Amino acid sequence: MVSVECRNLTKSFGYRCVLEGVCLRVEQGETLVVTGRNGAGKTTLLRLIAGLSKPTRGEVVIAVNGQPLDSEEVHRHVGFVTPDLSLYAELTALENLAFFAALRGLPTQRHDARCLHEYLGAVGLLERADDLLRDFSSGLKQRLKLAFAVLHRPAVLLLDEPTSNLDAAGVEIVERLIRDQKQRGVVILATNNAEELKHGDQILRLSP
């Protein structure tokens with residue numbers, strides 16, 4: 001069982017307070033949709049949950065089977081789709097995915113070329129596996145980011161504007177990933193797209 005809890009979470013940058021006193025709890029099988037205008041703090045909240053940024057006050061507690069995770073364990077249990085993820089234009093889609101698998105320290109025998117091809121197939125990139133990223137559209141790059149985020153079968157999947165740059169087929173892939181993730185853990189989705197509110201078992205509206 002997995003849970004994510006934010007306790008009086010506050011984040012300031014200098015004199016600017018981006019988040020103040022955020023409290024939430026998301027449990028196994030649930031999706032939290034975080035919405036609000038640009039600048040409301042959606043991405044900041046996801047980065048705090050992912051452990052990529054430290055709160056000014058308050059805390060984030062991610063627990064698996066009732067046991068809170070330390071910072072290293074959070075890295076192993078969280079997948080994050082974010083516009084900030086840099087891909088390597090000089091590598092193929094398959095090489096990018098293999099590099100990210102190695103970066104995460106995933107076992108080679110479980111993430112060999114055949115396994116990685118399966119992940120590429122799941123996001124509709126199997127036929128582009130050996131193509132260089134420099135030839136990919138922004139939408140195809142977004143699909144590769146989705147594959148990277150679920151490589152390690154995370155307990156918590158964080159999606160920051162996941163359908164950005166995607167066509168209708170890409171949106172269907174995101175929706176399938178959300179359904180699959182809810183079978184094994186938690187989804188937290190940040191968006192200002194009203195259509196994506198349908199995914200939320202809980203909805204958190206942030207104001208700038």
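For the structure itself, look to the data block above.
Residues numbered from 1 in each chain as written. Predicted model: local features only at pLDDT ≥ 70, side-chain atom pairs only at ≥ 80, totals over all residues. Heavy atoms only, no water.

## Side note on the sheet that holds strand 3 (residues 31-35)
Working step 1: Spatially, 6-7-8-3-9 is the arrangement adopted by the five strands of the open sheet, whose pairing is parallel. Of all strands in the sheet, those with a lone pairing partner are strand 6 (78-81) and strand 9 (202-205), marking the two edges. Averaged over all pairs of adjacent strands, the angle between their axes in this sheet comes to 15°, without regard to strand direction.
Working step 2: Where strand 3 lies against strand 9, four bridges are found, and the strand directions are parallel. Looking at strand 9, one finds that valine 33 is bridged to isoleucine 203.
Working step 3: Most of the contacts of helix 1 (residues 42-50) go to strand 7 (residues 156-160), to which it runs at about 155°, and overall it touches strand 3, strand 6, strand 7, strand 8 (186-191) and strand 9.
Working step 4: Sheet contacts for helix 6 (residues 168-184): strand 3, strand 7 and strand 8; angle to strand 8, the most-contacted strand, approximately 145°. (Pairing = 2+ DSSP bridges. Helix = DSSP H or I, 4+ residues; strand = E, 2+ residues; numbered from the N terminus. Axes fitted to C-alpha atoms, helices over the stretch in contact; angles between N-to-C directions. Contact = heavy atoms within 4.5 Å.)

## Observations concerning the packing of aromatic side chains
Working step 1: Scanning the entire structure with this criterion turns up three aromatic pairs.
Working step 2: Feature note: the residues Tyr88, Phe99, Phe100 and Phe148 constitute an aromatic cluster, connected by ring pairs. (Phe/Tyr/Trp six-rings, centres within 6.5 Å; stacked < 30°, edge-to-face > 60°.)

## Considerations on the state of the cysteines
Working step 1: Within the structure shown, the criterion is met by zero disulfides.
Working step 2: Not engaged in a disulfide, the cysteine cysteine 17 finds its nearest cysteine sulfur in cysteine 23; these two sulfurs lie 13 Å apart.
Working step 3: With no disulfide of its own, cysteine 23 lies closest to cysteine 6 among cysteine sulfurs, the gap being 8.4 Å. (Disulfide = S-S within 2.5 Å.)

## Section: the pairing of strand 4 (residues 57-64)
Successive residues of a regular strand alternate their side chains across the two faces of the sheet.
Working step 1: Relative to strand 4, strand 1 (residues 2-13) runs antiparallel, the two sharing seven bridges. Bridge pairing links valine 2 to valine 64 in strand 4.
Working step 2: Linking strand 4 to strand 5 (residues 67-68), which pair antiparallel, is a turn of two residues; within it asparagine 65 sits at a positive phi near 55°.

## Describing the layout of surface pockets
Working step 1: Taken as a whole, the largest pocket spans an internal volume of roughly 620 Å³.
Working step 2: If you go around the largest pocket, you meet 30 residues; those closest to its centre are Ala50, Gly51, Leu52, Val74 and His75.
Working step 3: When contributions to the lining of the largest pocket are tallied by element, the ones reaching two or more residues are helix 1, strand 4, helix 2 (71-77), strand 6 and helix 3 (93-103).
Working step 4: Here the lining of the largest pocket takes five residues from strand 4, the largest share from any one element.
Working step 5: Per-class residue counts for the lining of the largest pocket are 17 nonpolar, seven polar and six charged.
Working step 6: Around the second largest pocket sit Glu118, Tyr119, Ala122, Val150, Arg153, Leu157, Arg176, Leu177, Asp180, Gln181 and Arg184, which together line it.
Working step 7: At the level of elements, helix 4 (113-122) and helix 6 are the ones that each hand at least two residues to the lining of the second largest pocket.
Working step 8: Broken down by element, the lining of the second largest pocket gets its largest block of residues, five residues, from helix 6.
Working step 9: Class assignment of the residues belonging to the lining of the second largest pocket gives a composition of five nonpolar, one polar and five charged. (1 Å grid on protein atoms, 1.4 Å probe; cavity = no way out; pocket = protein on both sides within 12 Å on 5 of 7 lines; lining within 4 Å. Points joined across faces, edges and corners; volume = space filled by probe spheres on them. Nonpolar A, V, L, I, M, F, W, Y, C, P; charged D, E, K, R; others polar.)

## Remarks on helix 5 (residues 138-150)
Residues separated by three or four positions in an α-helix point in the same direction, a consequence of the helix having 3.6 residues per turn.
Working step 1: When the terminal C-alpha atoms of helix 5 are compared, their 19 Å separation across 13 residues agrees well with the 18 Å that a helix rising 1.5 Å per residue should span.
Working step 2: Buried residues dominate helix 5, accounting for eleven of its 13 residues. (Expected span 1.5 Å × (residues − 1). Buried < 20%, exposed > 50% of the residue type's maximum accessible area, 1.4 Å probe, protein only.)

## Some thoughts on the pattern of salt bridges
Where charged atoms from two side chains of opposite charge approach closely, those side chains can pair.
Working step 1: For the structure on display, the rule yields nine salt bridges.
Working step 2: The salt bridge involving aspartate 84 is made with arginine 47; its shortest N-O contact spans 3.8 Å. Placement of aspartate 84 in the loop between strand 6 and helix 3 and of arginine 47 in helix 1 is noted, with a sequence separation of 37 residues between them.
Working step 3: Judged by relative accessible area, arginine 47 falls into the partly exposed class, the value being 28%.
Working step 4: The closest approach of N and O atoms between lysine 182 and aspartate 201, which form a salt bridge, is 3.0 Å. One end of the pair, lysine 182, is in helix 6; the other, aspartate 201, is in the loop between strand 8 and strand 9, and 19 residues separate them in sequence.
Working step 5: Exposure remark for lysine 182: the relative accessible area of 24% places this residue in the partly exposed category.
Working step 6: The class of aspartate 201 is partly exposed, set by a relative accessible area of 44%.
Working step 7: Bridged by salt links that share partners, the residues Glu5, Arg7, Arg25, Glu27 and Glu59 form one connected network. (Salt bridge = Lys/Arg side-chain N within 4 Å of Asp/Glu carboxyl O.)

Geometry only, nothing functional implied.
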